Structure formats: C-alpha cells, structure tokens
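Structural description and commentary
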Amino acid sequence: MDSILDSNIQPKAKPKWLRVKLPTGKKYTELRGLVDKYKLHTICTSGSCPNMGECWGEGTATFMILGNICTRSCGFCGVKTGRPETVDWDEPEKVARSIKLMKIKHAVITSVDRDDLKDGGSIIWAETVDAVRRISPGTTMETLIPDFQGIETNIDRIIAVAPEIVSHNMETVRRLTREVRIQAKYERSLEVLKYLKDQGINRTKSGIMLGLGETEEEVIQTMHDLRAVNLDVLTIGQYLQPSKKHLPVKEFITPEQFKKYEEIGLDLGFRHVESGALVRSSYRAQKHLL
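Structure report, in brief.

Thresholds, definitions, all that
Residues numbered from 1 in each chain as written. Predicted model: local features only at pLDDT ≥ 70, side-chain atom pairs only at ≥ 80, totals over all residues. Heavy atoms only, no water. Helix = DSSP H or I, 4+ residues; strand = E, 2+ residues; numbered from the N terminus. Contact = heavy atoms within 4.5 Å. Pairing = 2+ DSSP bridges. Axes fitted to C-alpha atoms, helices over the stretch in contact; angles between N-to-C directions. Expected span 1.5 Å × (residues − 1). Buried < 20%, exposed > 50% of the residue type's maximum accessible area, 1.4 Å probe, protein only. Parallel < 35°, antiparallel > 145°, perpendicular 65-115°, else oblique. Left-handed = near helix turned anticlockwise from the far one by under 90°. Nonpolar A, V, L, I, M, F, W, Y, C, P; charged D, E, K, R; others polar. Salt bridge = Lys/Arg side-chain N within 4 Å of Asp/Glu carboxyl O. Phe/Tyr/Trp six-rings, centres within 6.5 Å; stacked < 30°, edge-to-face > 60°. Lys NZ or Arg CZ within 6 Å of the ring centre and 35° of its normal. Core = buried A, V, L, I, M, F, W, Y, C linked by side-chain atoms within 4.5 Å.

**Let's talk about the side chain of Thr172**
Summarising the element assignment, Thr172 is placed in the loop between strand 6 (165–167) and helix 7 (177–181). Leave out the neighbours within four places in its chain, and Thr172 touches Thr177, Val180, Tyr186, Ile208, Leu212 and Thr222.

Set out below in structure tokens:
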C-alpha cells in the first residue's frame, strides 16, 4: 500500500470551487484596522483563513494561546514544531482585552500542544476563559482544545469553566491517524470527546479534513464513531498543503461529495454539520450555539 507521504500521487491544479474571495465589508475593515493598530494576534490573520471576512462580519474570531511553537509535528499542520517558549501568565488578560477591543460576540480559542508542561497548558486555558468572562461578559466561547494526552485532571479544568462549546478535532480517519497526526491517537481523541460529554459539557464539536487518501466508507465510519460518543457538531473541510514539507493533497473533494456527507451527518443525528471545501474548524462557529 502506498504511503500517504508518497509525493508521486498528486491531484491536478486546484479546482474552481477552491477560489477564495477577498474579504470585504465595513465590519471586516474596522477589525482589520484594530488588529493592525494594536498588533493583536488572531488565527484568522496568521492562518490566512479563507472565511475571515465572513466570520469577522458576524463578530466571530479565533485566538491561539500558549505560543506559536507546538511540541507535536503533525504532517498537515503549518504551525512550527520545537521547544516552546516560557508560558506567558499575562496572556489570559491580553486575549480577553483583545476580544473586548474587537467587540467579538463569539470567540473561538485554540492552542498549540504543550506536552512539555505537566498541566498540558490547561491552567492557562481555564484562566483565559475566566478572563474573557470577566472582561467581556457578553462574549460566548468555543474552546478548541488539544487532547491533553487524555489526562482527565487537565481536561477537568476546561470542564470546570464550562465554555459554551468544547471542541477537539479528529482531523482524519482511523487508518491515516498515525501518519497525519503522529503523536495523537484516534481512540484517545474519541475518549476525550466522550469524557467531555459524560461530564456535562452541553455542546461538543469535532472536525475532519478530506483529501488525504481516505475512502468514503472510512469517512462515514468516522462519523458513526463520533455520533457514538454523542458529538453535537461536526465540520468537514478540504485539506490544503501548507508547504512542500507537509503531506501532499491526494484528492480535491467535489462540492457534491461534501453535500452528501452533510446529509449523512444530519441523518445520523448531529445538531450541525458544516461540510464544504473551504470549511474550517471555526466556520460559522456562532451558529453552533443554537
């Protein structure tokens, strides 16, 4: 069987449905000005998200905490891997002030993996949620968390501050997990999502990328696995290669296929399914509160 790393298997040029419109609109222009003026850090800008204009126009933005160097080296991710910097204990206040300044209605907070820390970064996570609640009390939150190596004590800190949505991404199907996510485990991610739900989190969420060589049967099985742990919200998007050093795109999924997965997901009982080529984890995040 060919490895997913086999660069000889390459799709054709990007299809027309992957063309991105430049972000526009009064709200986007205002927020872009604030971000540039105050040097605010959002994943929206640093990740060049294709949905930035739409999300900002609806008052949603994504912030990354715990630095920009990850202890893991996933084959799909453009974040730097290495030895992370010292934890900035003022970061929760800085993030909360940014959210207030930008008048964000719904904030998505994510982070790199910090396997170098005993608490996995969970203390900063909890303090960030608390700071946002204190400084910008009208803002709802989704926390897109790492797996914290499955350590319940660390996950419990997230549960204790009760974000409106807690998300953890599967990223890919079972067969490809070892090559795509390397230090992560398919079953462990499922267990994290199950634990969150069992401990009373109102709304759980996950996301997967397509185009890495998975089959339709494998995608549908992953959807079944996620429903088996009572997951509420699922996002499905197209994987795009961040650089030549990352895993190659093996296939561009058609809009018709994405629509098929959406219909299957809704039939399975997910509250929301966002399925499309340009869908990312935080796409239409504020609507997942409903």
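The discussion continues.
**Structural notes on the sheet that holds strand 1 (residues 60–65)**
In a beta sheet, neighbouring strands are held together by backbone hydrogen bonds and run either parallel or antiparallel to one another. Across the sheet, which stays open at both edges, the 7 strands sit in the order 1-4-5-6-7-8-9 with parallel pairing between neighbours. Edge positions in the sheet fall to strand 1 and strand 9 (272–275), since each of these pairs with one other strand and no more. Along the sheet, successive strands turn relative to each other by an average axial angle of 20°, direction set aside. Examined bridge by bridge, strand 4 (residues 106–111) and strand 5 (residues 140–144) share 5 bridges and lie parallel to one another. In the strand pairing of strand 5, Thr110 is matched with Leu144. Its contacts with the sheet place helix 8 (residues 186–198) against strand 6 and strand 7 (204–210), and it is angled at close to 160° to strand 7. Strands strand 7 and strand 8 (233–238) of the sheet are contacted by helix 9 (residues 216–228), whose axis makes an angle of about 170° with strand 7.

**A word on helix 9**
Under the 1.5 Å per step criterion, the end-to-end length of helix 9 is 18 Å for 13 residues, consistent within 8% with the ideal 18 Å. When helix 9 is considered as a whole, its buried residues turn out to be Glu218, Val219, Ile220, Thr222, Met223, Asp225 and Leu226. Tucked into the core, helix 9 has its buried residues touching helix 8, strand 7, strand 8 and helix 10 (255–268). Asn230 occupies a position one or two residues after helix 9 and carries a positive phi of about 60°.

**Overview of the packing of helix 9 against helix 10**
Packed helix pairs are characterised by how far apart their axes lie and by the angle those axes make with each other. Here helix 9 crosses helix 10 at 30°, and the two axes come no closer than 10 Å. In terms of orientation, helix 9 and helix 10 fall into the roughly parallel class. Viewed along their axes, helix 9 and helix 10 form a crossing whose handedness is right-handed. Residue-level contacts link Glu216, Val219, Ile220, Met223, His224 and Arg227 of helix 9 to Gln257, Lys260, Tyr261, Ile264, Gly265 and Leu268 of helix 10. The residue makeup of the contact of helix 9 with helix 10, split by class, is 6 nonpolar, 3 polar and 3 charged.

**A look at unusual backbone geometry**
The backbone of Gln149 sits at a positive phi, close to 55°, despite the residue not being glycine. The topology assignment puts Gln149 in the loop between strand 5 and helix 6 (152–161). For Ile182, which is not a glycine, the phi torsion comes out positive at approximately 50°. Structurally, the position occupied by Ile182 is in the loop between helix 7 and helix 8. The class for Ile182 is partly exposed, based on a relative accessible area of 40%.

**Examining the pattern of salt bridges**
In this structure the tally under the stated criterion is 14 salt bridges. Between Arg114 and Asp116 there is a salt bridge; the shortest N-O distance is 2.9 Å. In this structure Arg114 comes out as buried when scored by relative accessible area, which is 3%. Among the ionic pairs, Glu216 bridges to Lys260, the shortest N-O distance being 3.1 Å. A residue pair is termed long-range when its members are at least 10 positions apart, and Glu216 in helix 9 and Lys260 in helix 10 qualify at 44 residues.

**Topic: the packing of aromatic side chains**
The tally for this structure, following the rule as stated, stands at 0 aromatic pairs. The ring of Phe270 has Arg227 sitting right over it, with the charged end atom 5.5 Å from the ring centre.

**Observations regarding the nonpolar core**
Counting residues in each nonpolar core, the largest one holds 68 residues, and the members touching the most others are Leu196 and Ile236. Setting aside its immediate chain neighbours within four residues, Leu196 contacts Ile145, Ile155, Ile159, Val166, Ile201 and Thr204.

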